[in-house]
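One letter stands for each residue in the lines below.
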Amino acid sequence: MTRTATARGDVRLRGVTRTYGTGEAALTALDDVDLDLAPGELTVVLGPSGSGKTTLLNVIGGIESADSGCVRVAGQELTAHPPRELVGFRRERIGFVFQFFNLVPTLTARENVEVMIELTGRGDRRRVPELLDAVGLGDRADHFPAQLSGGQQQRVSLARSLSTDPDLLLADEPTGALDQTTGKAVLTLLQETNRQGRGVLMVTHNASIAAIAHRVVTMRDGRVHSVERNAAPAEAHSVGW
Ligand SMILES: Nc1ncnc2c1ncn2[C@@H]1O[C@H](COP(=O)(O)OP(=O)(O)OP(=O)(O)O)[C@@H](O)[C@H]1O
């Protein structure tokens, strides 16, 4: 599945600020954020609602640009590039997994993965059955999203993200809509993906999930409140909540 076993997907932020709105309505979602994530790390981002977690993930993924500061992701300088100029970067380097799956309802599981390969011009359509097997859905390839459970849809979403072999996988509340058993299955897949050398950055409200991370970043009021390292990250299947 890997392009190379080498660790990849490093992140370096310096003085990153992102403000929404102007004047009295201005809201600083990211306030002078410095952050270093080593290649191949699994990072969990925690913090209260509104603390800037999703904004952080979007800036790292090149979906939103910082107002000031420097952003470098997977060896690429994003600073001063508006999101529309970063289409190529996102396609080549980044995989996104969202809470609400974002699958195309009129396409089967297989087609949802294939369409990503067609859109990006990356990956190999012949490997789609293998990818669906890897997420335990080999026998559901011809099912439409509505015929799949939430956990199964999330796994299609993961197979789709992995189809282009990203350096860094960004996951926003990937287990948020799932029960514990299915959530753990998805976490296990994210951990496997990480062990293949990819960086994984996961935003969650669930502090128990932090046990599987190499690094735990806690956000407060748009700032990095703390960064802790886990010397011995737990196995995803052993985490409970
Ligand atoms: N597009 C936007 N326009 C205006 N304000 C926004 C926008 N996106 C986010 N914000 C504001 O920026 C702040 C940070 O939002 P963000 O979504 O990053 O927080 P979060 O920690 O991910 O929250 P949650 O855990 O609730 O998802 C919040 O106060 C939010 O209301």
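Residues numbered from 1 in each chain as written. Predicted model: local features only at pLDDT ≥ 70, side-chain atom pairs only at ≥ 80, totals over all residues.

- Going by what an unreviewed UniProt entry lists, the protein chain is known as ABC transporter ATP-binding protein and is assigned to Streptomyces boncukensis.

Comments concerning the UniProt feature "domain: ABC transporter" (unreviewed entry) in the protein chain
Item 1. Sites flagged by UniProt as "domain: ABC transporter" (unreviewed entry) map to residues 11-239.
Item 2. In the segment residues 11-239, helix accounts for 28% and strand for 27%; the C-alpha atoms at its two ends are 26 Å apart. (UniProt positions renumbered as here; feature names shortened; annotations may be inferred. Helix = DSSP H or I, 4+ residues; strand = E, 2+ residues; numbered from the N terminus.)

What about the packing of helix α3 (residues 109-120) against helix α5 (residues 150-162)?
Item 1. The geometry of α3 relative to α5 is characterised by a closest axis approach of 8 Å and an angle of 25° between their N-to-C directions. By the angle between their axes, α3 is roughly parallel relative to α5. Once α3 is placed against α5, the crossing between them reads as right-handed. For the pair α3 and α5, contact is made by A109, N112, V113 and M116 and by V156, A159 and R160, respectively. (Axes fitted to C-alpha atoms, helices over the stretch in contact; angles between N-to-C directions. Parallel < 35°, antiparallel > 145°, perpendicular 65-115°, else oblique. Left-handed = near helix turned anticlockwise from the far one by under 90°. Contact = placed C-beta atoms within 7 Å.)

Remarks on the site of the ligand
Item 1. Within the structure, the ligand sits among Y20, G21, L27, A29, G47, S49, G50, S51, G52, K53, T54 and T55.
Item 2. For the shell around the ligand, the secondary-structure elements that each account for two or more residues are β2 (27-37) and α1 (53-60).
Item 3. Looking at which element gives the most residues to the shell around the ligand, the answer is α1, with 3 residues.
Item 4. Broken down by class, the residue content of the shell around the ligand amounts to 3 nonpolar, 8 polar and 1 charged. (Near = placed C-beta within 6 Å. Nonpolar A, V, L, I, M, F, W, Y, C, P; charged D, E, K, R; others polar.)

Structural notes on the environment of T164
Item 1. As for its position among the elements, T164 is in the loop between α5 and β7 (168-172).
Item 2. The class for T164 is buried, based on 21 C-beta atoms found within 10 Å.
Item 3. Distance in space between the C-alpha atoms of T164 and E111 is 14 Å, their sequence separation being 53 residues.
Item 4. Setting aside chain neighbours within four positions, we find T164 in contact with R91, G95, M116, I117, T120, R122 and G123. (Buried ≥ 20, exposed ≤ 12 C-beta atoms within 10 Å, placed from the backbone.)

Let's talk about the environment of R14
Item 1. Within the element layout of this structure, R14 appears in strand β1 (residues 11-20).
Item 2. Linking R14 and S161, residues 147 residues apart in sequence, is a C-alpha distance of 27 Å.
Item 3. The residues touching R14, leaving out its near neighbours within four places in the chain, are D34, G69 and C70.

What about the nonpolar core?
Item 1. By size, the foremost hydrophobic cluster in this structure holds 60 residues, and its most contacted members are V44, V45, L132, A159, L201 and M202.
Item 2. Tallying contributions element by element places β2 first for this core, with 5 residues.
Item 3. If we ignore the near neighbours within four places in the chain, the residues touching M202 are V44, V45, A171, P174 and L190. (Core = buried A, V, L, I, M, F, W, Y, C linked by C-beta atoms within 7 Å.)

Observations concerning the packing of α5 against helix α6 (residues 180-195)
Item 1. Following both chains from N to C, one finds α5 and α6 inclined at 15°, their axes separated by 9 Å at the closest point. Compared by their axis directions, α5 and α6 come out roughly parallel. The two elements α5 and α6 cross, and the hand of that crossing is right-handed. Along the contact surface, α5 presents G150, G151, Q154, R155, L158 and L162, while α6 presents T182, A185, V186, L189 and T193.
Item 2. Class assignment for the residues of the contact of α5 with α6 results in 5 nonpolar, 5 polar and 1 charged.

Looking at the pairing of strand β9 (residues 215-220)
Item 1. Pairing geometry for strand β3 (residues 42-46) and β9, over 4 bridges, is parallel. Looking at the pairing, V45 lines up with V217 of β9.
Item 2. Note: β9 against strand β10 (residues 223-229), 6 bridges, orientation antiparallel. Bridge pairing links R215 to R229 in β10.
Item 3. Hairpin remark: β9 followed by β10, antiparallel, with 2 residues in the connecting loop; positive phi at D221, about 50°. (Pairing = 2+ DSSP bridges.)

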